[in-house]
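In case you want the letters, here they are:
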Amino acid sequence: MIRTVRVLPLLFLPVLLTACGTEKADGTPGRAPAGAPSAPAPSAPASGPGASATPDQAEVDARVRALGVAPELVYVTDVSGYTPARQSVGVNGDDGFSVSYTAGDGTVLTLYVDRVPPAPADCPADEECVMPEKGRVVHLRGEKVPRSVLRAAARAVHRPSAAELAALLPDPRPDFTDGVPVQRGDLPPGGGAPDNSVPEGAG
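Quick notes on the rules
- Within every chain, residues take consecutive numbers counted from 1 along the sequence as written.
- Totals for whole chains, interfaces and linings use all residues, but because this is a predicted model, local features are given only for residues with pLDDT of at least 70 and pairs of side-chain atoms are given and counted only at 80 or more.
- To obtain the side-chain values, all non-hydrogen atoms of the structure were used and water was disregarded.
- Numbering of helices and strands runs from the N terminus; a helix is a DSSP stretch of H or I covering at least four residues, while a strand is a stretch of E covering at least two.
- Burial classification: accessible surface area is computed with a 1.4 Å probe over protein chains only, and a residue below 20% of its type maximum counts as buried, one above 50% as exposed, and the rest as partly exposed.
- Accessibility throughout is a Shrake-Rupley quantity obtained with a 1.4 Å probe, and a residue counts as covered only by protein chains that appear here.
- A side-chain nitrogen of Lys or Arg and a carboxyl oxygen of Asp or Glu constitute a salt bridge if their distance falls within 4 Å.
- Polar contacts, as used here, are pairs of N or O atoms within 3.5 Å; protein pairs need one atom able to donate a hydrogen and one able to accept it. Residues neighboring in sequence count only if both atoms are side-chain atoms.
- For the purposes of this analysis, a disulfide is any pair of cysteine sulfur atoms at a distance within 2.5 Å.
- Two strands are counted as paired when DSSP detects at least two bridges linking them.
- By convention, a stacked pair of Phe, Tyr or Trp rings (six-membered ring in the case of Trp) has centres within 6.5 Å and planes under 30 degrees apart, an edge-to-face pair has planes over 60 apart, and any other such pair is tilted.
- Charge-over-ring contacts are defined here by two conditions on Lys NZ or Arg CZ: a distance within 6 Å of the ring centre and an angle within 35 degrees of the ring normal.
- Residue types Ala, Val, Leu, Ile, Met, Phe, Trp, Tyr and Cys, when buried and joined through side-chain atoms within 4.5 Å, form a set referred to as a nonpolar core.
- Should any heavy atoms of two residues lie within 4.5 Å, those residues are considered in contact.

Draft legend 1. The arrangement of the overall build of the chain in detail. Across its full length, the chain carries four helices and eight strands. Going from N to C terminus, the chain has its helices and strands arranged as α-α-β-β-β-β-β-β-α-α-β-β. Buried positions account for 26% of the 203 residues belonging to the chain. Working note: accessible area of the chain is about 14600 Å², and carbon and sulfur atoms make up 57% of it.

Draft legend 2. Representation of the pattern of salt bridges within the structure. Applying the stated rule across the entire model yields six salt bridges. Residue Glu72 is joined to Arg115 by a salt bridge in which the shortest nitrogen-to-oxygen separation is 3.0 Å. With Glu72 in the loop between α2 (57-66) and β1 (82-84) and Arg115 in strand β4 (residues 108-115), this residue pair connects regions lying 43 residues apart in the sequence. A relative accessible area of 42% places Arg115 in the partly exposed class. We note a salt bridge from Arg115 to Asp95, for which the minimum N-O separation is 2.9 Å. Residue Arg115 is found in strand β4, and its partner Asp95 is found in the loop between β2 (90-92) and β3 (96-103); the two are separated by 20 residues along the sequence. Judged by its relative accessible area of 21%, Asp95 falls in the partly exposed class. Residues joined by salt bridges that share partners form a network here, namely Glu72, Asp95 and Arg115.

Draft legend 3. Examining the side chain of Asn92 more closely. Relative to the assigned elements, Asn92 resides in strand β2. A polar contact is formed between the side chain of Asn92 and the backbone oxygen of Val113, at a distance of 3.1 Å. Within polar-contact distance, the side chain of Asn92 engages the side chain of Asp114 at 2.6 Å.

Draft legend 4. Expanded view of the state of the cysteines. Taken as a whole and judged by the stated rule, the model has one disulfide. Between the sulfur of Cys123 and that of Cys129 lies a disulfide, 2.0 Å long from S to S. Of note, the bridge from Cys123 to Cys129 carries an S-S torsion of about 75 degrees and is right-handed in sense.

Draft legend 5. Main features of the pairing of β4. Across the eight residues that make up β4, a large majority, six, are buried. Hairpin geometry of β3 and β4 is characterised by an intervening segment of four residues between the two adjacent antiparallel strands and by a positive phi of about 95 degrees at Gly106. Here β4 pairs with strand β6 (residues 136-143) via eight bridges, running antiparallel. Bridging from a neighbouring strand, Asp114 pairs with Val137 of β6.

Draft legend 6. Seen up close, the pairing of β6. In this sheet, β6 lies alongside strand β5 (residues 127-130) in antiparallel orientation, the contact comprising four bridges. Along β6, the bridge assignment pairs Glu128 with Leu140. Count of turn residues in the β5/β6 antiparallel hairpin: five residues, of which Gly135 carries a positive phi of about 85 degrees.

Draft legend 7. Just the environment of Pro132, in detail. Within the secondary structure layout, Pro132 lies in the loop between β5 and β6. Sequence spacing of Pro132 and Val157 is 25 residues, and the spatial spacing of their C-alpha atoms is 8.0 Å.

Draft legend 8. Up close: the packing of aromatic side chains. Summed over the entire model, instances satisfying the criterion amount to zero aromatic pairs. Seen from the ring of Tyr75, Arg159 lies directly overhead, with NZ or CZ sitting 5.5 Å from the centre.

Draft legend 9. Molecular detail of the nonpolar core. Judged by nonpolar contacts, the single largest core of 32 residues is most densely connected at Tyr82, Phe97, Leu109, Leu111 and Leu140. For this core, the elements supplying multiple residues, two or more each, are α2, β3, β4, β6, α3 (147-155) and α4 (162-168). Look past the residues within four positions of Phe97 in its chain and what remains in contact with it is Val69, Leu73, Val74, Tyr75, Val89, Gly90, Asn92, Leu111, Tyr112, Val113 and Leu168.

Take a look at the structure:
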């Protein structure tokens with residue numbers, strides 16, 4: 001009986017070593033036992049293609065000037081059911097601002113901003129007008145838009161944040177910087193027009 005007791009641990013030793021060994025001889029981790037918690041995955045970096053950044057106000061203002069619009073004349077509104085059309089964003093008059101909002105029923109609400117002349121005229125009967133600051137007037141005009149919607153749009157007129165304006169503005173043109181055409185170096189003198197002159201001695 002004593003001899004049997006001493007032999008049993010030796011018989012089971014290889015089995016115990018096989019079951020408990022989760023690390024290879026070279027120190028490389030092996031397969032974890034079933035049911036053991038796995039190591040947490042590394043967290044994704046904060047920056048990357050999906051990371052959002054707050055637009056710089058100076059950069060947004062430069063995009064506004066590239067459209068010929070004075071940044072201080074940019075105003076927007078927010079009306080339920082109406083979405084701004086980016087392709088409609090542009091200059092109004094000399095340096096004013098204009099944008100149209102469309103609804104699913106086909107109606108269009110247009111907002112445009114002007115500088116107030118020395119003797120401002122009365123607001124037209126088919127518009128709602130707001131003077132948010134001295135020297136500025138915001139017009140709201142609708143095509144088949146109920147008067148109640150125009151009034152709600154007038155109450156919601158405000159100066160956009162940098163993020164709101166960046167999302168509204170059309171993408172900047174690659175050949176313009178701050179409203180000034182970029183000087184290209186890939187065209188020959190004369191704008192690249194073909195030379196149709198007849199060489200001397202030809203004919």
